[in-house]
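Spelled out, the chains give:
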Amino acid sequence: MAKSAPSSSSLHRLTQGPRAKSELGQPLGEEVIEGERLARAERRDDLLSQLETLGKKDPNQLFDSVGSIERGAERAHETGCSEQALALLTFAEKAYTFYASCATSGGEGMARMANVERIRALRKRWERKQDEG
């Protein structure tokens, strides 16, 4: 089933920065919001470039972008853009790994690693599928 493009009203809500919050309850940075816009517009090369810069500049904002990154990877995979999908999953893995490294206890770190392992398993499945096809 094909996914429809987001409505202009949902994009408008997203651009209202002070209402969009990070996991810590802080307003999302403009770079994070721009990443979501790029992902929704399926401008994957621009998104990858932006994530590269963001990851070097502020790993916290890279983690704030992880939802956009995962959705962008899924959409790229669905539309046959395997290389871009795998590249986006690599950024998702980096973001989740960073988040896990910030844990303050062993149990918390192990729990946070669940997303890293989930992304790694997904990436391996997609790589196998790419190799078969």
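Everything in this summary refers to the structure shown in the same document. Note that the coordinates shown come from a computational prediction; the quantities given were computed from them, not determined experimentally.

As for the overall build of the protein chain
Summing up its helical and strand segments, the protein chain has 7 helices and 0 strands in all. Secondary structure of the protein chain in N-to-C order comes out as α-α-α-α-α-α-α. Long-range contacts, defined as pairs at least 24 residues apart, comprise 55% of the intrachain contacts of the protein chain with a sequence gap of at least 6. Of the roughly 7,900 Å² of accessible surface on the protein chain, 53% is carried by carbon and sulfur atoms.

Regarding the pattern of salt bridges
Going through the model one piece at a time under the given rule, you end up with 15 salt bridges. The shortest N-O distance in the salt bridge between Glu108 and Arg112 comes to 2.8 Å. Here Glu108 and its partner Arg112 are both found in helix α7 (residues 106–132), 4 residues apart, which amounts to about one turn of the helix. For Glu117, the salt bridge is made with Arg120, and the minimal N-O distance between the two is 3.2 Å. In this pair, Glu117 and Arg120 are both assigned in helix α7, 3 residues apart and thus about one turn of the helix distant. The class for Arg120 is partly exposed, based on a relative accessible area of 27%. Three or more residues joined by partner-sharing salt bridges are found here, namely Glu93, Glu117, Arg120, Arg123 and Glu127.

Observations concerning helix α6 (residues 82–101)
With 20 residues, α6 should reach 28 Å at 1.5 Å per residue; the first-to-last C-alpha distance of 28 Å fits that figure. Here α6 has its buried residues at Gln84, Ala85, Leu86, Leu88, Leu89, Phe91, Ala92, Glu93, Ala95, Tyr96, Tyr99 and Ala100. Buried residues belonging to α6 abut α3 (44–57), α4 (59–64), α5 (66–78) and α7.

Digging into the nonpolar core
One finds Leu51, Ile69, Leu88 and Trp126 to be the most contacted residues of the largest nonpolar core, which totals 24 residues. When contributions to this core are tallied by element, the ones reaching two or more residues are α2 (30–40), α3, α4, α5, α6 and α7. A total of 9 residues in this core trace back to one element, the largest contributor, which is α6. Look past the residues within four positions of Leu88 in its chain and what remains in contact with it is Arg44, Leu47, Leu48, Leu51, Ile69, Gly72 and Ala73.

Section: unusual backbone geometry
Unusually for a residue other than glycine, Glu42 sits at a positive phi of about 60°. Along the chain, Glu42 falls in the loop between α2 and α3.

As for the side chain of Arg112
Using a relative accessible area of 17% as the deciding quantity, one classes Arg112 as buried. At 2.8 Å, the side chain of Arg112 forms a polar contact with the backbone oxygen of Tyr99. Residues within four places of Arg112 in sequence aside, it is in contact with Tyr99, Ala100, Cys102 and Ala103.

What to know about the packing of aromatic side chains
The relation between two aromatic rings is expressed through the spacing of the ring centres and the mutual angle of the planes. Tallied over the entire structure, the rule returns 2 aromatic pairs. Look at Phe63 and Tyr96: their rings are 6.0 Å apart centre to centre, the planes differ by 70°, and that puts the pair in the edge-to-face class. A residue pair is termed long-range when its members are at least 10 positions apart, and Phe63 in helix α4 and Tyr96 in helix α6 qualify at 33 residues. Accessibility assignment for this pair places Phe63 and Tyr96 in one class, buried. When the centroid spacing of 4.1 Å and the interplanar angle of 10° are considered together, the rings of Phe63 and Tyr99 count as stacked. Here Phe63 is found in helix α4, whereas its partner Tyr99 is found in helix α6, with 36 residues between them in sequence. Using a relative accessible area of 12% as the deciding quantity, one classes Phe63 as buried. Judged by relative accessible area, which is 18%, Tyr99 ranks as buried. Over the ring of Phe91 we find Lys94, and its NZ or CZ is 5.0 Å from the ring centre. In this structure, Arg112 is placed above the aromatic ring of Tyr99, and the distance from its NZ or CZ to the ring centre is 3.8 Å.

Reading guide: rules and limits
Residues numbered from 1 in each chain as written. Predicted model: local features only at pLDDT ≥ 70, side-chain atom pairs only at ≥ 80, totals over all residues. Heavy atoms only, no water. Helix = DSSP H or I, 4+ residues; strand = E, 2+ residues; numbered from the N terminus. Contact = heavy atoms within 4.5 Å. Areas by Shrake-Rupley, 256 points an atom, 1.4 Å probe, with all protein chains shown as cover. Salt bridge = Lys/Arg side-chain N within 4 Å of Asp/Glu carboxyl O. Buried < 20%, exposed > 50% of the residue type's maximum accessible area, 1.4 Å probe, protein only. Expected span 1.5 Å × (residues − 1). Core = buried A, V, L, I, M, F, W, Y, C linked by side-chain atoms within 4.5 Å. Polar contact = N/O pair within 3.5 Å; in protein donor to acceptor, adjacent residues only side chain to side chain. Phe/Tyr/Trp six-rings, centres within 6.5 Å; stacked < 30°, edge-to-face > 60°. Lys NZ or Arg CZ within 6 Å of the ring centre and 35° of its normal.

From the geometry alone we can't say anything about function, so treat these as descriptive.
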